[in-house]
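# Architecture and fold: a report
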Amino acid sequence: MKNILVLCTGNSCRSQMAHGFLNQQLGDKAAIYSAGIETHGLNPGAVATMQRAGLDITGHTSNHVDEYAGIDWDFIITVCDHAYENCPFIPAPNAQRLHHNFYDPSKFEGSEEDTRAAFDKARDEISAYIDNFASTHF
C-alpha cells in the first residue's frame, strides 16, 4: 500500500477535496493523508460541494503536516502555491513530489449561487486532476 500526502495551506478546502477523491479512486491501494502548514478546520463549502458530488468528507479533520512526521511517503501532492513555497522540509527521499495550484474557492466573494459555482468549479478541477493521477500512478 502506498502513502499519499495531500498538502495545502490550511487543510480546510482543496486538500480535503483531493483527499476525498483519492479515497474514492484508490480505495485500499493507498493510505491517504491530508495536512496543512496551518490548520483552519473543515470548510463548510468544501463539505457541501463534495456532498453534491456524492462524497461525504464530514469525518475528515484538519491536520498539521507535523502530525505525520516519520511516515514513509510515496507521493506528496501540494495543491496550492503557498504551501508549495512555504512548506517545511518533509524528509521523504523516495517520495514523488507533485504540485498543482488549484483556485481557492474559500476566498471567493459573491452571491450564494456564485459561491456554490466557485466551489463546484474547484471541485471538478481537483476531481479531473485526481482521475489523471490515479490512472497514471496506479
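Up top you'll find the structure we're talking about.
Residues numbered from 1 in each chain as written. Predicted model: local features only at pLDDT ≥ 70, side-chain atom pairs only at ≥ 80, totals over all residues. Heavy atoms only, no water.

### A closer look at the nonpolar core
Side chains of a nonpolar character, in soluble globular proteins, are inclined to be buried together. Core analysis: the largest hydrophobic core is formed by 41 residues, its most contacted members being Ile4, Leu5, Leu22, Leu26, Trp73, Ile90 and Phe133. Elements with a contribution of two residues or more to this core: strand S1 (2-8), helix H1 (14-26), strand S2 (30-36), helix H2 (44-52), strand S3 (75-78) and helix H4 (112-137). Of the residues forming this core, the biggest block, 7 residues, is contributed by H4. Discounting residues that sit within four places of it in the chain, Leu26 has contacts with Ile4, Ile32, Phe133, Ala134 and Phe138. (Core = buried A, V, L, I, M, F, W, Y, C linked by side-chain atoms within 4.5 Å. Buried < 20%, exposed > 50% of the residue type's maximum accessible area, 1.4 Å probe, protein only. Helix = DSSP H or I, 4+ residues; strand = E, 2+ residues; numbered from the N terminus. Contact = heavy atoms within 4.5 Å.)

### Topic: the side chain of Asn43
On the secondary structure map, Asn43 appears in the loop between S2 and H2. Judged by its relative accessible area of 15%, Asn43 is buried. For Asn43, the side chain forms a polar contact with the main-chain nitrogen of Gly45, separated by 2.6 Å. (Polar contact = N/O pair within 3.5 Å; in protein donor to acceptor, adjacent residues only side chain to side chain.)

### A closer look at the environment of Ser12
Note on placement: Ser12 falls in the loop between S1 and H1. For the pair Ser12 and Pro44, spaced 32 residues apart in sequence, the C-alpha separation works out to 8.8 Å. Each residue touching Ser12, except ones within four places of it in the same chain, is listed here: His40, Gly41, Leu42, Asn43 and Ala46.

### Digging into the sheet that holds S2
With respect to topology, 4 strands assemble into an open sheet ordered S2-S1-S3-S4, the strand pairing being parallel. If you trace the sheet from one side to the other, it starts and ends with S2 and strand S4 (96-99), each paired once. Shown here is a sheet whose adjacent strand axes are inclined to one another by a mean of 20°, direction ignored. The strands touched by H4 are S1, S3 and S4; relative to S4, the strand with the most contacts, the crossing angle is about 155°. (Pairing = 2+ DSSP bridges. Axes fitted to C-alpha atoms, helices over the stretch in contact; angles between N-to-C directions.)

### A word on unusual backbone geometry
A positive phi angle, close to 50°, is found at Asn11, a residue other than glycine. Considering the arrangement of structural elements, one finds Asn11 in the loop between S1 and H1. Looking at Asn11, the relative accessible area reads 0%, which means it is buried.

### Concerning the packing of aromatic side chains
The geometry of an aromatic ring pair is captured by the separation of the ring centres together with the interplanar angle, meaning the angle of the planes. Within the structure shown, the criterion is met by 7 aromatic pairs. Measuring from centroid to centroid gives 5.5 Å for Phe102 and Tyr129, while their planes differ by 85°, and the two rings are edge-to-face. With Phe102 in the loop between S4 and H4 and Tyr129 in helix H4, this pair connects stretches of sequence that are 27 residues apart. Each of the two residues, Phe102 as well as Tyr129, counts as buried. Through successive ring pairs, a cluster of aromatic residues spans Tyr33, Tyr68 and Trp73. (Phe/Tyr/Trp six-rings, centres within 6.5 Å; stacked < 30°, edge-to-face > 60°.)

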